[in-house]
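Take a look at the letters that make up each chain.
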Amino acid sequence: TFGAPVEVPGKVLPAGTYIFRLMGSEGNLNIVEIFDANRAKLIVRTLTKSDERLHPTGNTVLEFEPRSPGSPEAIKAWFYPGAMYGERFVYRHRAR
């Protein structure tokens, strides 16, 4: 549940509750699907890469990447409770 909008690759999620699901993997790329709170509507399907952390916790952990003022924070990584490995979201590089 997010109290403010957050960015994922290709989409800004309004404040609200979402279900994240790891769909599968192909090579070292994985696919994460994000659904609405009722799992009735697929909001976005996006690529992630495997990520690792030093110390697992008993809770879901989302790491955020700051963005410019006025823009929503971007989800950088998602770790499932108790897991050493998680998903790092893959964003397209913006032309400067």
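Look up a bit, the structure's there.
Owing to the predicted nature of the structure, the values given are computational and were not obtained by experimental measurement.

(A) Quick peek at a nonpolar patch on the surface. A cluster of nonpolar side chains, Leu29, Leu47 and Val90, forms an exposed patch at the surface whose accessible area comes to about 210 Å². By secondary structure assignment, the location of valine 90 is in the segment after strand 8 (85-89).

(B) Broad picture of the pairing of strand 8. Relative to strand 8, strand 5 (residues 42-52) runs antiparallel, the two sharing 5 bridges. If you follow glutamate 52 over to strand 8, its bridge partner there is tyrosine 85. With 3 bridges connecting them, strand 7 (residues 73-79) and strand 8 associate as antiparallel partners. From the neighbouring strand, phenylalanine 79 faces strand 8, where its bridge partner is glycine 86. A loop of 5 residues connects strand 7 with strand 8, the two strands running antiparallel in sequence, and glycine 82 in this loop sits at a positive phi of about 80°.

(C) Inspection of the environment of isoleucine 75 at higher detail. Relative to the elements of secondary structure, isoleucine 75 occurs in strand 7. It is 15 Å that separates the C-alpha atoms of isoleucine 75 and isoleucine 31, two residues lying 44 residues apart in sequence. When near neighbours in sequence (up to four residues on either side) are disregarded, isoleucine 75 contacts Phe2, Val6, Glu7, Val8, Phe20, Leu62, Glu63, Phe64, Phe89 and Tyr91.

Thresholds applied
- Residues numbered from 1 in each chain as written.
- Predicted model: local features only at pLDDT ≥ 70, side-chain atom pairs only at ≥ 80, totals over all residues.
- Heavy atoms only, no water.
- Patch = residues over 30% accessible without salt bridge, like charges linked within 9 Å, V, L, I, M, F, W, Y side chains within 5 Å.
- Areas by Shrake-Rupley, 256 points an atom, 1.4 Å probe, with all protein chains shown as cover.
- Salt bridge = Lys/Arg side-chain N within 4 Å of Asp/Glu carboxyl O.
- Helix = DSSP H or I, 4+ residues; strand = E, 2+ residues; numbered from the N terminus.
- Pairing = 2+ DSSP bridges.
- Contact = heavy atoms within 4.5 Å.

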